Amino acid sequence: NGIKTEIDTVKKSVKRFYADGNLKYSTYFKKLVNDKPIMDSLYTEYYENGQISNIGMYCCDALPTGIWKAYYPDGKLKTVETWEIYNGGGSSHAVKVIEYNEDGTNYVVQRNEDGTKLEIDTLKKTVKKFYKTGGMMYLAYYKKLVNGTPIQDSFYTSYYERGQHYDEGMKCCGGLKTGEWKCY
C-alpha cells in the first residue's frame with residue numbers, strides 16, 4: 001500500500017505518511033505495547049492534499065478526550081466533538097457533536113448524563129429530544145438560538161417513551177405554553 005510509519009523512541013513521536021510521501025498523521029505516545037505506540041497527546045491527521053482532516057487529544061492510553069475537530073478537504077470545519085472519559089478512565093464517549101454542512105449551517109447532537117440525547121438542526125430549526133431507549137421525547141421548532149440554546153417559540157409535540165402522542169401545542173417566550181393544547 002506504500003504507507004510508511006516512522007516511530008521515534010527518543011522523541012516518543014509517530015508519523016505516518018501516504019505513498020506519495022505526504023504526512024498522513026502525527027502524534028506522540030507515552031509507551032510502546034508490543035511495539036505499538038499508545039497515543040497519549042495531540043493527534044493531527046491530514047488529507048493527501050495536506051489539509052488537516054482531524055485534530056484532537058488522546059489521553060489515558062489512547063482514549064479521545066476534550067475537543068476534537070474534523071475538516072472537509074477544502075479546510076472548512078466539518079464537526080466539533082466534545083469527548084469525556086468515564087468508567088474510571090476505561091473508556092470515553094462523545095457527549096456533544098456539532099456537524100457543519102459545507103454551507104456553514106450546523107446540526108448539534110448532545111448526549112446527556114441521564115442517557116437522553118438532544119438534536120438541534122439549524123437548517124430546519126428543529127429540536128428533538130430522545131429517551132435513552134431511542135424513542136423521541138419531543139419535537140419542537142424554534143426561531144433563534146441564544147448562546148447555542150434554541151429558544152422555542154412555535155409548535156411543540158411530545159411523546160410517551162413507547163412512542164404514543166402525549167401532547168401538542170404552541171410555545172412562546174422561550175418555551176411557555178400558549179393557546180390551545182391537545183393532550184392524548
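Refer to the structure above for everything that follows.
Here we summarise the structure given alongside this text. (Residues numbered from 1 in each chain as written. Predicted model: local features only at pLDDT ≥ 70, side-chain atom pairs only at ≥ 80, totals over all residues. Heavy atoms only, no water.)

## Concerning a nonpolar patch on the surface
This is how the line gets drawn: Like charges within 9 Å and nonpolar side chains (Val, Leu, Ile, Met, Phe, Trp, Tyr) within 5 Å are joined into patches, using only residues over 30% in relative accessible area that form no salt bridge. Accessible surface is estimated by sampling points in the Shrake-Rupley manner with a 1.4 Å probe; for residues, cover comes only from the protein chains shown. For this analysis, a salt bridge means a side-chain nitrogen from Lys or Arg found within 4 Å of a carboxyl oxygen belonging to Asp or Glu. A run of H or I in DSSP counts as a helix once it spans at least four residues, and a run of E counts as a strand once it spans at least two, with each numbered from the N terminus. Each residue's exposure class comes from its accessible area (1.4 Å probe, protein chains only) as a fraction of the maximum for that residue type: buried when under 20%, exposed when over 50%, partly exposed otherwise.
Taken together, the side chains of Tyr141, Phe155 and Met170 make up a nonpolar region of the molecular surface, amounting to roughly 250 Å² of accessible area. Following the sequence through the fold, phenylalanine 155 ends up in strand S13 (residues 149-159). Taking the relative accessible area as the measure of exposure, phenylalanine 155 reaches 33% and is therefore partly exposed.

## Describing the packing of aromatic side chains
Inclusion rule: Planes of paired rings set the category: under 30 degrees apart is stacked, over 60 is edge-to-face and the rest tilted, where pairs are Phe, Tyr or Trp rings (Trp by its six-membered ring) whose centres lie within 6.5 Å.
Within this structure, the stated rule accounts for seven aromatic pairs. A centroid spacing of 5.3 Å and a plane angle of 35° characterise the contact between tyrosine 25 and tyrosine 43, whose relative ring orientation is tilted. With tyrosine 25 in strand S3 (residues 23-33) and tyrosine 43 in strand S4 (residues 36-46), this pair connects stretches of sequence that are 18 residues apart. Per residue, the accessibility class of tyrosine 25 equals that of tyrosine 43, and both read buried. With centroids separated by 5.8 Å and ring planes inclined at 50°, the aromatic side chains of tyrosine 156 and tryptophan 181 adopt a geometry described as tilted. Of this pair, tyrosine 156 sits in strand S13 while tryptophan 181 sits in strand S15 (residues 176-183), and the two are 25 residues apart along the sequence.

## Looking at the pairing of strand S1 (residues 4-8)
The side chains of a regular strand alternate, residue by residue, between the two faces of the sheet. The condition that has to hold: In this analysis, strands are considered paired if DSSP registers two or more bridges between them.
Looking at chain direction, S1 and strand S2 (residues 13-17) are connected through five bridges and run antiparallel. Paired with aspartate 8 across the two strands is serine 13, which belongs to S2. Counted along the chain from S1 to the antiparallel partner S2, the turn is four residues long, and its residue lysine 12 has a positive phi close to 55°.

## Describing the side chain of lysine 171
Operational definition: For the purpose of charge, His is not counted, nor are the chain termini; Lys and Arg are scored as positive and Asp and Glu as negative. Should any heavy atoms of two residues lie within 4.5 Å, those residues are counted as being in contact.
Mapped onto the fold, lysine 171 is located in strand S14 (residues 165-172). Comment: no salt bridge for buried lysine 171; closest opposite-charge side chain is aspartate 167, at 7.4 Å. Beyond its immediate stretch of four places on either side in the chain, lysine 171 contacts Gln152, Asp153, Ser154, Tyr156, Leu176, Lys177, Thr178 and Trp181.

## As for the nonpolar core
Operational definition: Put simply, buried Ala, Val, Leu, Ile, Met, Phe, Trp, Tyr and Cys residues joined by side-chain atoms within 4.5 Å make one nonpolar core.
Counting twelve residues, the largest nonpolar core consists of Ile98, Val108, Leu118, Ile120, Val127, Tyr131, Met137, Tyr138, Ala140, Tyr142, Tyr156 and Trp181. Breaking this core down by element, the ones donating at least two residues are strand S10 (117-121) and strand S12 (136-146). If we skip the residues at most four places from it in the chain, methionine 137 touches Thr116, Lys129, Phe130, Tyr131, Thr157, Ser158 and Tyr159. Counting residues in each nonpolar core, the second largest holds seven residues, with Phe29, Met39, Tyr58 and Trp68 among its members.

## Brief notes about the side chain of serine 41
Defined as follows: Polar contacts, as counted here, are pairs of nitrogen or oxygen atoms within 3.5 Å of one another; within protein the pair requires one atom able to donate a hydrogen and one able to accept it, and residues that are adjacent in sequence qualify only if both atoms are side-chain atoms.
Position of serine 41 relative to the elements: it lies in strand S4. Given a relative accessible area of 15%, serine 41 falls into the buried group. Looking at serine 41, its side chain comes within polar contact range of the main-chain nitrogen of tyrosine 28, at 3.2 Å. With residues up to four places along the chain from it excluded, the contact list for serine 41 reads Thr27, Tyr28, Gly56, Met57 and Tyr58.

## Remarks on the environment of lysine 36
Its location among the elements puts lysine 36 in strand S4. Between the alpha carbons of lysine 36 and threonine 79 there is a distance of 28 Å; along the sequence they are 43 residues apart.

## Things to note about the pattern of salt bridges
Summed over the entire model, instances satisfying the criterion amount to five salt bridges. A salt bridge links aspartate 40 to lysine 30; the nearest nitrogen and oxygen atoms lie 3.9 Å apart. Highlighted residues: aspartate 40 in strand S4 and lysine 30 in strand S3, separated in sequence by ten residues. Here lysine 30 falls in the partly exposed class, since its relative accessible area comes to 41%. With a shortest N-O distance of 3.2 Å, lysine 177 and aspartate 167 are connected by a salt bridge.

Geometric values such as these leave the question of function open.
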